[in-house]
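Understanding the architecture of this molecule
In case you want the letters, here they are:
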Amino acid sequence: MTYSLEGKRVFVAGHRGMVGAALVRRLASESCEILTAPRERVDLTRADEVGAWFRAERPQAVFLAAAKVGGILANATYPVDFLRDNLLIATHVIDAAYRTGTEKLLNLGSSCIYPKFAPQPIAEAALLTGPLEPTNEWYALAKIAGIKLAQAYRRQYGCDFISAMPTNLYGTGDNYDPETSHVLPALIRKAHEAKAKGADSMTIWGSGTPRREFLHVDDAADACIHLMKAYSEDEHINIGSGEDLPILDLARLVAEVVGFGGRIEHDPTKPDGTPRKLMNSEKLKRLGWRARISLRDGIASAYRDFLQGDVRGR
Ligand code: GFB
């Protein structure tokens with residue numbers, strides 16, 4: 001272990017988002033003080049507010065989990081929000097952390113930073129070796145800039161700033177809005193509504209052939225804390241479950257868990273996106289971390305959250 005969280009003031013930027021909230025839950029079992037910034041007081045896209053908050057609170061460790069995120073359609077529909085907001089958030093938080101002497105920072109990105117046709121499973125070294133997937137290049141470019149910022153502060157100022165790239169995440173606190181959500185919560189909602197209406201079919205976007213890897217957000221939060229303690233290198237590091245599946249198989253699995261037995265149909269007017277993005281997470285495995293929550297168990301737990309109604313996008 002290279003870094004201890006014990007007794008530290010730990011800031012989770014983005015605590016109301018799915019990943020930030022999972023980090024706050026997971027950090028409760030570490031003996032540290034958890035800091036969060038109320039959105040009303042700190043708009044992370046504003047340098048002055050971020051700077052003032054860091055000067056007042058002086059966090060020793062920072063998890064940068066704040067981001068404008070969304071599924072394939074939201075990414076393509078709101079390019080300014082995905083590029084501008086994410087660039088500003090990363091720039092302000094990373095710079096303020098440097099200026100106020102933060103000891104360690106973990107910057108979170110996404111598997112969409114890799115080229116559309118990267119060799120599978122995708123190793124960290126595939127970054128910037130080919131063109132991006134057009135539906136999410138705005139988000140990807142902002143996240144690549146975040147990695148480079150963390151590296152730049154590391155090289156120029158010796159900051160212990162690292163970056164982690166999780167695969168497609170889902171779980172507690174996910175967004176279930178049909179237009180802006182990612183595929184997994186969208187399918188839970190579609191299967192649930194089809195079952196409730198007694199429909200014969202539910203419709204998925206695209207061909208169903210793209211493959212995706214999924215990781216429960218509680219596993220992702222656990223991996224982030226492991227990396228905060230055990231990883232201190234210039235290169236970003238992948239966080240994945242190690243398994244992927246075609247979207248059609250995911251739809252069948254979700255339908256089974258939800259209890260919907262009808263047909264699955266396709267909407268070919270919606271984009272497929274990148275054909276496959278299975279991450280190579282060997283580097284993380286070598287650090288002694290592995291995912292614990294199976295996809296079926298994770299979907300069942302997400303469906304319970306959805307049924308409780310305490311979810312965004314409903
Ligand atoms: O999760 P998703 O929106 O994003 O879509 P990406 C994954 C795949 O599921 C695509 C298909 O092939 C979609 O066409 N899909 C099928 C659906 N039915 C649905 C549906 O009802 N809703 C949605 N949303 N998809 C995102 C990036 O890419 O992944 C982000 O845009 C980010 O930038 C995120 O990296 C993790 O996996 O294609």
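What counts, and where the lines are drawn
- Throughout, residues of each chain are indexed from 1 in the direction in which the sequence is written.
- Reporting of local features is limited, given that this is a predicted model, to residues whose pLDDT is at least 70; pairs of side-chain atoms are given and counted only at 80 or more, and all residues count toward the totals for whole chains, interfaces and linings.
- Working from all heavy atoms in the structure, the side-chain values ignore hydrogens and water.
- Per-residue confidence from the predictor is given as pLDDT, running between 0 and 100.
- Only DSSP runs of H or I covering at least 4 residues are called helices, and only runs of E covering at least 2 are called strands; the numbering of each starts at the N terminus.
- Two strands qualify as a pair provided DSSP detects at least 2 bridges between them.
- Think of each axis as a best-fit line through the C-alpha atoms, taken over the contacting stretch in the case of a helix, with angles from 0 to 180 degrees between the N-to-C directions.
- By convention in this text, a residue qualifies as near a molecule or strand provided that one of its non-hydrogen atoms is within 4 Å of it.
- Polar contacts, as used here, are pairs of N or O atoms within 3.5 Å; protein pairs need one atom able to donate a hydrogen and one able to accept it. Residues neighboring in sequence count only if both atoms are side-chain atoms.
- Only the protein chains shown count as cover for residues, and the accessible areas themselves come from Shrake-Rupley with a 1.4 Å probe.
- Note on classification: 1.4 Å probe, protein chains only; a residue is buried when its accessible area is under 20% of the maximum for its type, exposed when over 50%, partly exposed between these limits.
- Here, residues are in contact when the closest pair of their heavy atoms is within 4.5 Å.
- The set of buried Ala, Val, Leu, Ile, Met, Phe, Trp, Tyr and Cys residues whose side-chain atoms join them within 4.5 Å is what this entry labels a nonpolar core.

**Points about the confidence of the model for the protein**
Residues with a pLDDT of 70 or more make up 98% of the protein, whose mean pLDDT is 97. Helix H3 (residues 72-77) is the least confidently modelled element of the protein, averaging 92 in pLDDT, while strand S3 (residues 61-64) averages 99, the highest of any element.

**Here's the deal with the sheet that holds strand S9 (residues 237-239)**
Judged by pairing direction, the sheet is parallel, and its 6 strands sit side by side in the order S2-S1-S3-S4-S5-S9 without closing on themselves. The open sheet has two free edges, formed respectively by strand S2 (33-35) and S9, since each of these has just one partner strand. Each strand of the sheet is rotated relative to its neighbour by a mean of 25°, with strand direction disregarded. By the bridge criterion, 3 bridges tie strand S5 (residues 160-166) to S9 in an arrangement that is parallel. Bridge pairing in S9 links Met165 to Asn238.

**Section: the site of the ligand**
The environment of the ligand is made up of 22 residues, and the closest members are Ile72, Lys190, Arg212, Pro271 and Asp272. Measuring from an oxygen atom of the ligand, one finds a side-chain N or O atom of Ser110 at 2.8 Å. At 2.6 Å, a side-chain N or O of Lys190 approaches an oxygen atom of the ligand. Here the ligand loses 97% of its free accessible area of 700 Å² to cover by the protein chains.

**Considering the environment of Ser163**
Within the secondary structure, Ser163 sits in strand S5. The class of Ser163 is buried, set by a relative accessible area of 4%. Separated by 55 residues in the primary sequence, Ser163 and Leu108 have C-alpha atoms spaced 5.8 Å apart. Leave out the neighbours within four places in its chain, and Ser163 touches Asn107, Gly146, Ile147, Ala150, His236 and Ile237.

**Some details on the environment of Ala191**
Along the chain, Ala191 turns up in helix H6 (residues 183-197). Using a relative accessible area of 0% as the deciding quantity, one classes Ala191 as buried. Separated by 13 residues in sequence, Ala191 and Ile204 place their C-alpha atoms 10.0 Å apart. Setting aside residues up to four positions removed in sequence, Ala191 forms contacts with Met202, Val254, Ala255, Val258 and Phe260.

**So, the nonpolar core**
In terms of nonpolar packing, the biggest core is built from 32 residues, with Leu23, Phe63, Leu106 and Leu227 touching the most fellow members. Elements with a contribution of two residues or more to this core: strand S1 (9-13), helix H1 (18-27), S3, strand S4 (104-108), S5, helix H7 (217-230) and S9. In terms of residue count, H7 provides more of this core than any other element does, 8 residues in total. The residues contacting Leu227, other than those within four sequence positions of it, are Lys104, Leu106, Ile162, Ala164, Ile237, Ile239, Leu284 and Leu287.

**Re the environment of Ile239**
For Ile239, the location among the structural elements is in strand S9. Considered as a pair, Ile239 and Leu295 are 56 residues apart in the sequence and their alpha carbons are 15 Å apart. Ile239 has contacts with Ala164, Met165, Pro166, Thr167, Leu215, Ala223, Cys224, Leu227, Met279, Ser281 and Leu284, leaving out every residue within four places of it along the chain.

**Re the sheet that holds strand S8 (residues 211-216)**
The strand order S6-S8-S10 describes an open sheet built from 3 strands, whose pairing is mixed. Both edges of this open sheet fall to strand S6 (168-170) and strand S10 (244-246), since each of them pairs with a single strand only. Across this sheet, the average inter-strand angle for adjacent strands is 45°, counted without regard to direction. Pairing analysis gives 3 bridges linking S8 to S10, with the strands arranged antiparallel. Note on S10: the bridge partner recorded for Arg211 is Pro246.

**A look at the side chain of Lys8**
Along the polypeptide, Lys8 turns up in the segment before S1. A relative accessible area of 15% places Lys8 in the buried class. A polar contact is formed between the side chain of Lys8 and the side chain of Glu103, at a distance of 3.2 Å. Setting aside its immediate chain neighbours within four residues, Lys8 contacts Tyr3, Ser31, Cys32, Glu33, Gln60 and Glu103.

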